[in-house]
Amino acid sequence: MLTVALSALRTRWVSFAGSFVALALGVGLLATMGLGLASTVGAPEQPPRRFAASPVVVAGTDTVTVDGAGPKKLDRPRPVDSGLLRDLQALGPVTADGTPDAVGIDAPAAAVRKVVGDRARVLTGAGRRQADPEAERDAEALTTVNALLGTAGGVTAFVSVFVVASTFAFAVALRAREFGLLRTAGATPGQIRRLLLTEAAWVGVLASAAGCALGAWGAPRLAEVLVRGDTAPPWFTIGDGILWPYWTAFSTGLLVALCGAWAASRRAGHIGPMAALRESDVDSGVLTPVRRIAGCTLLLVGAGLLVWTLATDPSGLLKRKTYTTRPMVLITAVALLAPLLVRPLARALPLPGATGLLVRESTAAALRRTAAVAAPVLVTVGLAGSLLGTAETVTAAKAAEARRQTSAHLVVAGEALRPVRVPGATVSASASTAVFVREDGAALIRSDARAVSDPAAFARIARLPVVAGDPRDLDDSSIIVNEEWERHTVGERVTVRLGDGRPASLRIAAVMATGTGNNGVYITAANATAARTDRIDVRLGSGAAEPAAVREALRASGGEVRTADAWAAATHPRTSPKTRLGLLVVLGIAVLYTVIALGTTLLMATAVRSREFGSLRSAGATRARILRVVAGESLLAVGIGALLGAAVTAVNLAGLGAALASLSAPVTVTVPWGTAGAAAGVCAVVAVAAALLPAWAATRR
């Protein structure tokens, strides 16, 4: 069987070229993502900058712990108090840079620890970088890179399995007569299966080796792209001596090849000797009982998960991990059931004339070819519509939610804004902070909060989605929470930790709807003394000055003055650049695989249709008409795939809209027509080109 397998690889290299390229690309991407992930986890420690000349740094506590629960990051580190500073000055020279959260000291670390105790943090060696403002930003950037590469790696694995399995299955269907001849010559079903698995193993080994080389080349370039796009820290590079991503990618590629060929080999083993004599232009038995059961099961699982999440945790549908993975279940289910849908969809399209009749009937008869073309298009359009549509819908809902929660005409934003007075206008200043509450008996939950300076002015301007209580009751001893809190009964007292770690017992004045997750907490400025004003809402009254004069007065605060609509658009963009970069990487992978799958499938399928084209010529069809039929079949198959992808997108976005409605958030469903249309257009161009080239060559004779 090894000799036969090698002969098949030499003579049918076109059939295996698509699988080889798809596998090599998949392994290369997995190796690249793995090297990037390993470099984020094992990133080298950066030298301290802020107090590089001081051997010891004393920094204020930046976390809070309540009875063993936590720790959670404080709104900002606590300052080094004057008493501790005096004690440190007694040990040696103290270096300060004007910021009270940390100081450097030239003294033995043991002596410093003895003096500091639990009043602050003592940092030495590389740990001194924790006092640098860049340290937290770099950690957040590495977390973003980790999430991006993990998502891209998961999509790569999903799409590569999809494409390789589809390519192998279609190649086996085209070789039915060959396997029938082998059976006639005495080959057993087991030998046929071993033949296909041997071919897959050879392709897997060669493609995985090529993919590892591709990953070694691509990983450093990916790091450069991430740095240039401000997604990764400026110092981020791919580490040296990392081997596990190569072994993981190589093993995954080989496993994908064998798994992709396994299902096809089982079907090939059932081909009998009579297949060598049988000839039929109408595919039958495409949707096997196993495939039907698997497709229906996945469809029920996908729909069931959607309904269950809507009923129990609708906010889960707004999270990135959920809306990235959930469409894959529905896409797989629809792809498995595609042969059941192809024929009615193809015949439902009213194509005029003899050419239209040939296109429609040929597409409906060749179920395997049509389904093999439609499946990768389904993946691309489904992912493009679901991922981008969900991301844009969520961000649009957040922007609309933020806008409708204030009746302000103007909003001033900036850091450490100065107080201003605008005669004839209501001015409400607030600051970003945080509140920590212990829930479920153990967990310490952090909630973003805003500290308002004037509760009365805030109550006149704010339009909070209140479900109970009254925002006008907010004072220094109370708090406004949302329905996500474990305790959210008006009048009930909750024990919290404020943004600086201080404990406080506050009465619940009002409760807001959950919304998109941006409905945080509201307290007064007295409970956030260290927070600096970063937003001023201004509502103009009848006695206010001209808008130009008001804007000029507000500029004295030191911030940027915008209309409320412009502020909402600026602070809640449709999609952040980092999120869009991640989604475009994922979609780029899907489109690339789709191009490979379409090119391979149509080159194989069209190359074996010479006798069919000859029959059409004998019946009077011109060469131009045959080429138009071939192009029409390709476009119709792509259209069916795009229609199925649009159906998956519609289900996902409908579920998201229902989730937003149940959370009392604005329902602003956004469909990425441009991106999905561009993806479908690329698929159409590639499909027509891949079908016309062999058809043009076959009709020359």
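Preceding this paragraph is the structure being described.
Residues numbered from 1 in each chain as written. Predicted model: local features only at pLDDT ≥ 70, side-chain atom pairs only at ≥ 80, totals over all residues. Heavy atoms only, no water.

Draft legend 1. Structural detail: the nonpolar core. Membership of the largest hydrophobic core comes to 69 residues, with the highest contact counts inside it found for Val159, Leu383 and Tyr593. Of all the elements, helix H5 (residues 133–174) adds the most residues to this core, at 12 residues. Excluding its chain neighbours within four sequence positions, the residues that come into contact with tyrosine 593 are Ala22, Leu25, Gly26, Leu29, Thr156, Val159, Ser160 and Val163. Val373, Val377, Leu627 and Val686 belong to the second-largest nonpolar core, a separate cluster that totals 23 residues. (Core = buried A, V, L, I, M, F, W, Y, C linked by side-chain atoms within 4.5 Å. Buried < 20%, exposed > 50% of the residue type's maximum accessible area, 1.4 Å probe, protein only. Helix = DSSP H or I, 4+ residues; strand = E, 2+ residues; numbered from the N terminus. Contact = heavy atoms within 4.5 Å.)

Draft legend 2. Main features of the environment of phenylalanine 236. Tracing the backbone shows phenylalanine 236 in the loop between helix H7 (189–228) and helix H8 (244–269). Residues in contact with phenylalanine 236, not counting those within four places in the same chain, are Gly36, Ser39, Thr40, Leu142, Ala223, Leu226 and Val227.

Draft legend 3. Inspection of the sheet that holds strand E5 (residues 102–105) at higher detail. With antiparallel pairing, the 4 strands of this open sheet are ordered in space as E4-E5-E1-E6. Bordering the open sheet on either side are strand E4 (94–95) and strand E6 (121–124), each of which pairs with just one other strand. Here strand E1 (residues 56–59) runs beside E6; their pairing, made up of 4 bridges, is antiparallel. The residue of E6 that forms the bridge with valine 58 is valine 122. (Pairing = 2+ DSSP bridges.)

Draft legend 4. Spatial organisation of the packing of aromatic side chains. Counted under the stated rule, the structure contains 1 aromatic pair. On the basis of an interplanar angle of 35° and a centroid distance of 5.0 Å, the ring pair of phenylalanine 458 and tyrosine 522 is categorised as tilted. Of this pair, phenylalanine 458 sits in helix H14 (residues 455–461) while tyrosine 522 sits in strand E14 (residues 521–524); the two residues are 64 residues apart in sequence, bridging distant segments of the chain. Pair check on accessibility: phenylalanine 458 and tyrosine 522 agree, each one buried. (Phe/Tyr/Trp six-rings, centres within 6.5 Å; stacked < 30°, edge-to-face > 60°.)

Draft legend 5. The environment of methionine 328, seen in detail. Relative to the helices and strands, methionine 328 resides in helix H10 (residues 320–336). With 55 residues separating them along the chain, methionine 328 and leucine 383 place their C-alpha atoms 7.9 Å apart. The contacts of methionine 328, once residues within four sequence positions are left out, are Val155 and Phe158.

Draft legend 6. Focus on the pattern of salt bridges. Applying the stated criterion to the full structure yields 18 salt bridges. For arginine 50, the salt bridge goes to aspartate 97, with nearest N and O atoms at 2.6 Å. Residue arginine 50 is located in the loop between helix H2 (13–41) and E1, and its partner aspartate 97 is located in the loop between E4 and E5; the two are separated by 47 residues in the primary sequence. Ionic pairing is found between arginine 403 and aspartate 565, a salt bridge with its closest N-O pair at 2.6 Å. One end of the pair, arginine 403, is in helix H13 (residues 367–404); the other, aspartate 565, is in helix H16 (residues 564–571), and 162 residues separate them in sequence. (Salt bridge = Lys/Arg side-chain N within 4 Å of Asp/Glu carboxyl O.)

Draft legend 7. Molecular detail of the packing of H10 against helix H19 (residues 623–662). Packing of H10 against H19 leaves a shortest axis separation of 10 Å and a crossing angle of 140°. By the angle class used here, H10 and H19 are oblique. In terms of crossing hand, the pair formed by H10 and H19 is right-handed. Residues Arg326, Pro327, Leu330, Ile331 and Val334 of H10 pack against Leu644, Val648, Val651 and Asn652 of H19. Across the contact of H10 with H19, the residue classes break down as 7 nonpolar, 1 polar and 1 charged. (Axes fitted to C-alpha atoms, helices over the stretch in contact; angles between N-to-C directions. Parallel < 35°, antiparallel > 145°, perpendicular 65-115°, else oblique. Left-handed = near helix turned anticlockwise from the far one by under 90°. Nonpolar A, V, L, I, M, F, W, Y, C, P; charged D, E, K, R; others polar.)

Draft legend 8. Summary view of helix H11 (residues 338–348). Buried within H11 are the following residues: Ala338, Pro339, Val342 and Ala346. Looking straight down H11, one finds its buried side chains confined to an arc of 85°; they lie on one side. Across H11 from its buried face, at more than 90 degrees, point the exposed residues Pro344 and Ala348. In the core, the buried residues of H11 are packed alongside helix H9 (289–312), H10, helix H12 (353–365), H13 and H19. (Arc of directions from axis to C-beta.)

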